[in-house]
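Here's the letter readout for the chains.
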Amino acid sequence: MFPKPPDPARPAQRSPTRIGLLAALVVLFVVAVLGATVWLAADYQRNEREEALMAATETAIAALRGRLGAAERALGQIAHEIDPAAPAARFEAGAARLLADDPSLLRIEMRNSDGALIAAADPVDPRPRIAADQRGTLGFETTLAKHSAMTFSRAVYSRPYYVSASGGLGFEVTDLAVPWDTAAESGSLLAIRSLPRMLDRLLPADFERAHQITLIESDGTLVARTSSGLIGAGVYVVSAPLELPGVTLLLRVNSLERSPGLVPGMLAASLVALVLGLASSGLLLWRDTRRRLAAEQALREQQAFRKAMEDSLVTGLYAYDLEGRITYVNPAFCEMTGYRAEALLGAAPPIAPADTGTDEPPHRPGQGIGTGRQGFEIELQRRDGERFPALVFEAALIDESGRQTGWMGSILDIGERRRVEELNRRQQEKLQAHARMAMLGEVATALSHELNQPLAAITSYATACENLLLEDFEPDPRARDRAAQRTILRSALERIRSQSERAGQVIHGVQAFVRRRRIEREPIAIDALLRDIEPLVRLQARKWNAQLVFRIDGSPLVCGDRTMLEQALLNLTRNGAEAMDGIPPLQRMLTVESGAHREAERDWVRVSVSDLGCGVAPEAEPQLFQPFFTTKPEGLGIGLSLSRSVIEAHGGQLRRERRDGPGSVFSILLPLHRPAPARREMAGLASEALPPGP
Ligand code: ADP
């Protein structure tokens, strides 16, 4: 299967509006991705922190619960160890230990089932004191807790209630009631715990330092806050229940940390965007590489296809730029010219140098002449100097932007065709020569046959006359009389005359036959005629390796038979080319000149053919225009004589001119034709004022 030819369509031009729209879309997309990434990063961070806060809060509550549980157990232990004999004694020792261990306890009381105070212990270190008179009558919350503890035989916390401290200050406390029971009586131990101190002292110090912590009742009443006075940022706030036996409080923790910063978010977003960008560009690169590989593969296939096609061609292909330097040649071109491709690339096409002196330069490639189907002919020169004719077809090379960058051409070597044409021409010439010879032979036979009889008769009559005359001068007695002899002699002479007249008639008959051929007359521009025969003359010159110079001056008219004049001129040029056979090729030059000429007070058109050949030998000079005179082995010797007849029949003259230096000049003078209403007959012209011959 053939690879697909490259798509000639050029990529569509994108309008500025489309590009702007595309850029805006890309910017929007990037901004959206960045915004979403920042938001996601912040949200993630917020969740993280919230979860961390919740975990820290739960840890803190667990620690608090641990400390409270320890206090509960210690108070339970004290209650358990009460000595019925001296209840207060043991109580005081245990309560003092507990107060020392738990800094949030302000007082521990031992009361009986009626609520009457049996013993009380206060801390020894400085803590807010609860005045004894404040504890005269138990409040509702305490009573309820005490009652519950005794009822359910377990530790119970009272709802928080307010106590005023010295200095007008007050705070919320909760009483922890633990029942005691001896055989004699029962009651409960009450440990009064300051809630603000509980937060300050029992929560882990690190946790407390980093948060604003408040304690809230289930109805939302604030009961305590840490004394540090820290204000939370309000961004990360969690509330966790602090479940105590008998009461449930809420620990509200407000972190000091602010919203996630934009810069780290941006950094994270940039990082994500970068990664996304990298990933997408990697993807694009991969796709691009795949496409490129596919395109390269297609290109390689096309190149191989093109190379095979070029190699199989017998037509030479070449391309060259506008400066005339070859940029490409195919193998057939190299084979034709004998050069290697490397030697041709960058050089000018190997065109054979023009024939010196020609008026018109030969067509050169790149003139846009051979762009049609006709092409044009040029002469190329092989590496070994041999010239050969070539037919060139050209097309302009246009680049993507529509600019011409050079020419592409194909070349056909028509040397072989020319050789065949030349062979045909020569064979034709030979055939014509043979035909002429045959005709001459026939004419000669007929003539000899016709002339033979009168000549034979003349000879026999002449012999008879001779014998009669001999008898006359030798007197013989038996001789006839003289009168009879004279009669016989006269009769013989008459017959001789009549026979010679008959021979003359035969010859006149032949002349009349030859002259019967009519000359077709028409006005002929001599320059056009010369240009018409120029290719044939060039062929003749090329055959003898001679340079050809054509100098045509003006366009004078003559009147005559075009074909006959052409034949006469071609005969002269062939003679000139042949005459240069013996001289070195570089000196061979055939010149054809034409122009107006004035001689013997008449206007003529003169066409001369000069060569630099062997010239005419002095002894051959007088016979030059004689029929059948030739110095060539295969010559007929009728060219010059026929040409002269033709030219003279046109009222002109063919002559050999004298010249200094080597070679010969043959010139033709033809009367100048002026188109006039009354034209004189050519025959008449012939007899008029012919210039004197050489
Ligand atoms: P042919 O060419 O067949 O010999 P032509 O009549 O054309 O017959 O020429 C006769 C002879 O004249 C030639 O054989 C040659 O010797 C001589 N001749 C003709 N033209 C030239 C010339 N240009 N230079 C020298 N000799 C010439």
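Coordinates for the structure precede this section.
Predicted model only: the values in this text are computed from it and were never measured.

Caption draft 1: Fine view of the overall build of the protein chain. Scanning the protein chain for helices and strands turns up 14 helices and 22 strands. Counting contacts in the protein chain only where the partners sit at least 6 residues apart, residues at least 24 apart contribute 59% of the total. Accessible surface, the protein chain: about 41400 Å² in total, of which carbon and sulfur atoms supply 57%.

Caption draft 2: Layout of the sheet that holds strand β9 (residues 237–244). If you trace the four strands from one edge of the open sheet to the other, you get β8-β7-β10-β9, paired in antiparallel fashion. At either end of the open sheet lies a strand with only one pairing partner, and these are β8 (222–225) and β9. Going across the sheet, the axis of each strand differs from the next one's by a mean of 25°, ignoring polarity. Of the strand pairs in this sheet, strand β7 (residues 211–217) and β8 are connected by three bridges, and their pairing is antiparallel. When the bridges of β8 are listed, Thr-214 appears paired with Arg-225. Here helix α1 (residues 16–80) sits on the sheet in contact with β7, β9 and β10 (247–255), set at roughly 20° to β9. In the packing of helix α4 (residues 195–202) onto the sheet, contacts are made with β7, β8, β9 and β10, and the angle to β8 comes to roughly 35°.

Caption draft 3: Summary view of the packing of aromatic side chains. Tallied over the entire structure, the rule returns three aromatic pairs. Each ring, one from Tyr-318 and one from Tyr-320, has its centre 5.5 Å from the other, and the planes form 10°; the classification is stacked. Tyr-320 shares its class with Tyr-318; the two are buried. With a centroid separation of 5.6 Å and 50° between ring planes, the pair formed by Tyr-318 and Phe-333 is classed as tilted. With Tyr-318 in strand β11 (residues 316–321) and Phe-333 in helix α7 (residues 331–337), this residue pair connects regions lying 15 residues apart in the sequence. Take Tyr-318: its relative accessible area is 2%, and that puts it in the buried class. Following the ring pairs from residue to residue traces out a cluster consisting of Tyr-318, Tyr-320 and Phe-333. Its guanidinium or amino end placed over the ring of Tyr-328, Arg-306 lies 6.0 Å from that ring's centre, counting from NZ or CZ.

Caption draft 4: Region of the structure containing the pairing of strand β19 (residues 589–599). Here six bridges tie strand β17 (residues 547–552) to β19, and the two strands are oriented parallel to one another. Across the sheet, the residue bridging to Gln-547 is Met-589, located in β19. As paired strands, β19 and strand β20 (residues 602–610) are joined by nine bridges and run antiparallel to one another. From the neighbouring strand, Ala-596 faces β20, where its bridge partner is Val-605.

Caption draft 5: View of the pairing of strand β2 (residues 117–121). Pairing of strand β1 (residues 105–112) with β2 involves four bridges; the strand directions are antiparallel. Note on β2: the bridge partner recorded for Met-110 is Ala-119. The hairpin turn running from β1 into β2, its antiparallel successor, is four residues long, and Gly-115 in that turn takes a positive phi close to 100°.

Caption draft 6: Looking closely at helix α11 (residues 526–543). A rise of 1.5 Å per residue sets the reference length of α11, with its 18 residues, at 26 Å; its end C-alpha atoms lie 25 Å apart and thus fit the reference within 8%. Along α11, the sharpest kink reaches roughly 45°, centred on Glu-534 and followed within four residues by the proline Pro-535. Along α11, the positions that sit buried rather than exposed are Ile-526, Asp-527, Leu-529, Leu-530, Ile-533, Glu-534, Val-537, Arg-538, Gln-540 and Ala-541. Of the residues trailing α11, Asn-545 is marked for its positive phi of about 55°.

Caption draft 7: Geometry of unusual backbone geometry. For Asn-545, which is not glycine, the phi dihedral falls at a positive 55°. Tracing the backbone through its elements, the reader meets Asn-545 in the loop between α11 and β17. Judged by relative accessible area, Asn-545 falls into the exposed class, the value being 51%. Of note, the phi angle at Glu-601 is positive, near 60°, even though the residue is not glycine. By the element assignment, Glu-601 lies in the loop between β19 and β20. The exposure class of Glu-601 is exposed, given its relative accessible area of 71%.

Caption draft 8: Structural context of the packing of helix α12 (residues 562–579) against helix α13 (residues 639–649). At a minimum axis distance of 9 Å, the contact between α12 and α13 shows a crossing angle of 145°. As α12 runs across α13, the sense of the crossing is left-handed. Packed against α12, whose contacting residues are Met-564, Leu-565, Ala-568, Asn-571, Leu-572 and Asn-575, the element α13 presents Gly-639, Leu-640, Ser-643, Val-646 and Ile-647 at the interface. Among the residues making up the contact of α12 with α13, the classes are represented as seven nonpolar, four polar and no charged.

Caption draft 9: The arrangement of the sheet that holds β20 in detail. Spatially, the five strands line up as an open sheet ordered β17-β19-β20-β22-β21, and their pairing is mixed. Here the strands that pair on one side only, and so sit at the sheet edges, are β17 and β21 (653–657). For this sheet, the mean inter-axis angle between neighbouring strands, taken without regard to orientation, is 20°. By the bridge criterion, five bridges tie β21 to strand β22 (residues 665–671) in an arrangement that is antiparallel. Along β22, the bridge assignment pairs Glu-657 with Val-665. Packed on one face of the sheet, α13 meets β21 and β22 and runs near 130° to β21.

Caption draft 10: How the structure looks around the site of the ligand. Around the ligand, the surrounding shell holds 19 residues, and the nearest of these are Asn-575, Thr-630, Thr-631, Lys-632 and Leu-640. Here an oxygen atom of the ligand sits 2.6 Å away from a polar atom, N or O, in the side chain of Thr-630. Look at the ligand: alone it shows 530 Å² of surface, and the protein chains cover 93% of it. Counting only elements with at least two residues in the shell around the ligand, the list comes to α12 and α13. Broken down by element, the shell around the ligand gets its largest block of residues, three residues, from α12. Classifying every residue of the shell around the ligand gives eight nonpolar, nine polar and two charged.

Caption draft 11: Quick peek at the pattern of salt bridges. Counted under the stated rule, the structure contains 41 salt bridges. Linking Arg-598 and Asp-603 is a salt bridge whose minimum nitrogen-to-oxygen distance equals 2.8 Å. You can call Arg-598 exposed: its relative accessible area is 53%. Across the pair Arg-655 and Glu-599 runs a salt bridge whose closest N-O atoms are separated by 3.1 Å. Of this pair, Arg-655 sits in strand β21 while Glu-599 sits in strand β19; the two residues are 56 residues apart in sequence, bridging distant segments of the chain. Across the pair, exposure class does not vary: Arg-655 and Glu-599 are buried alike. Beyond isolated ion pairs, a larger network of salt bridges with shared partners links Arg-107, Glu-109, Arg-111, Asp-122, Arg-135 and Asp-175.

Here is what the cut-offs are and how they apply
- Residues numbered from 1 in each chain as written.
- Predicted model: local features only at pLDDT ≥ 70, side-chain atom pairs only at ≥ 80, totals over all residues.
- Heavy atoms only, no water.
- Helix = DSSP H or I, 4+ residues; strand = E, 2+ residues; numbered from the N terminus.
- Contact = heavy atoms within 4.5 Å.
- Areas by Shrake-Rupley, 256 points an atom, 1.4 Å probe, with all protein chains shown as cover.
- Pairing = 2+ DSSP bridges.
- Axes fitted to C-alpha atoms, helices over the stretch in contact; angles between N-to-C directions.
- Phe/Tyr/Trp six-rings, centres within 6.5 Å; stacked < 30°, edge-to-face > 60°.
- Buried < 20%, exposed > 50% of the residue type's maximum accessible area, 1.4 Å probe, protein only.
- Lys NZ or Arg CZ within 6 Å of the ring centre and 35° of its normal.
- Expected span 1.5 Å × (residues − 1).
- Bend = angle between axes of the 7 residues up to and from the residue.
- Left-handed = near helix turned anticlockwise from the far one by under 90°.
- Nonpolar A, V, L, I, M, F, W, Y, C, P; charged D, E, K, R; others polar.
- Near = heavy atom within 4 Å.
- Polar contact = N/O pair within 3.5 Å; in protein donor to acceptor, adjacent residues only side chain to side chain.
- Salt bridge = Lys/Arg side-chain N within 4 Å of Asp/Glu carboxyl O.

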